Amino acid sequence: MKTKIFCDIAELDKIRRFNKKKIVKGFTTNPSLMRKAGAKDYKSYSQKILKICKNKPVSLEVFADEYNEMKIQALKINTWAKNVYVKVPVVNSKGKFMGKIIRELNNQKIKLNITAVYTAMQTQKILKVIDKKTKVIISIFAGRAGDAGKDPVPEFIKSISLAKRFKNVEILWASVREPYNYLQAKQLGCHVITVPPSTIEKIEKFGETFDMLTVGTVKNFLIDSKKSKFKI
Ligand code: E4P
């Protein structure tokens, strides 16, 4: 199975550039990335993204923390374009499972990307509230799990196996930390991996042999020691 590469991004100029790449099959973003990119008005900024990217899936996240407001935001975001996946967190900031809203949006045939998932138990809970037709992405945050000293791989293995009965569900490796994560995601059978732009550029350059790497490494050390005019 092929693992699709999405781009995890918010800067408009970079979205423009990465949208042209064949290797990039879709986009994800989040409120933190949008803030970093300088977005001020969430709706108009999101619509600028959607104007650039019309033919690939784009996941845009709700940021409300309570049921009513979250539902309103999700319904609005869903109307912004055909290629939108509404990104809904698996729990709110109080740790409450967002099952009711996931069920209702899925019921209305709204494409969802369930975000901030860490465990197969959460995957199981999501699968219990969705149908087998409407598209759902489940984003498992590998890098942040690793940052906390937790191994995300067993959670992926179980989640992928649980999702097998659902042809409409894709397991997405989120929170990438290094290019090698792409090979891990492929090996595990993840449907998608979402990758920051600079890491995509490294993946595009995959293929150097160990011999090339060893020579390149020594060359870089040599260049830097010359630049610093080191002497002993
Ligand atoms: C996924 O959809 C998220 O936007 C993203 O992968 C989070 O990554 P981070 O942990 O590097 O912030």
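Everything in this summary refers to the structure shown in the same document.

The next thing to look at is the pattern of salt bridges. Summed over the entire model, instances satisfying the criterion amount to 10 salt bridges. One salt bridge connects glutamate 104 with lysine 71, and the closest N-O pair in it is separated by 2.9 Å. You can see glutamate 104 sitting in helix H5 (residues 99-107) and its partner lysine 71 sitting in helix H4 (residues 67-79), a full 33 residues away along the chain. Residue glutamate 104 pairs with lysine 100 through a salt bridge whose shortest N-O separation is 3.1 Å. In this pair, glutamate 104 and lysine 100 are both assigned in helix H5, 4 residues apart and thus about one turn of the helix distant.

We now examine the pairing of strand S3 (residues 58-61). Alternating positions in S3 separate into two faces, Val58 and Leu60 on one and Ser59 and Glu61 on the other, with burial throughout. Of the pairings in the sheet, the one linking S3 to strand S4 (residues 84-89) comprises 4 bridges and is parallel in character. When the sheet's bridge partners are listed, serine 59 is paired in S4 with tyrosine 85. Regarding topology, H4 serves as the crossover connection from S3 to the parallel S4, and that connection is right-handed.

With that settled, the discussion passes to the pairing of S4. Taking burial as the measure, the 6 residues of S4 include 6 buried ones, the bulk of the element. On S4, burial covers both faces: Val84, Val86 and Val88 on one face and Tyr85, Lys87 and Pro89 on the other are all buried. Sheet analysis places S4 next to strand S5 (residues 112-117), joined by 4 bridges and oriented parallel. Residue pairing in the sheet places lysine 87 in a bridge with asparagine 113 of S5. Once the chain exits S4 it traverses H5 before rejoining the sheet at S5, and the crossover so formed is right-handed.

The rules behind these values
Residues numbered from 1 in each chain as written. Predicted model: local features only at pLDDT ≥ 70, side-chain atom pairs only at ≥ 80, totals over all residues. Heavy atoms only, no water. Salt bridge = Lys/Arg side-chain N within 4 Å of Asp/Glu carboxyl O. Helix = DSSP H or I, 4+ residues; strand = E, 2+ residues; numbered from the N terminus. Buried < 20%, exposed > 50% of the residue type's maximum accessible area, 1.4 Å probe, protein only. Pairing = 2+ DSSP bridges. Right-handed = clockwise from strand over helix to strand, strands pointing away.

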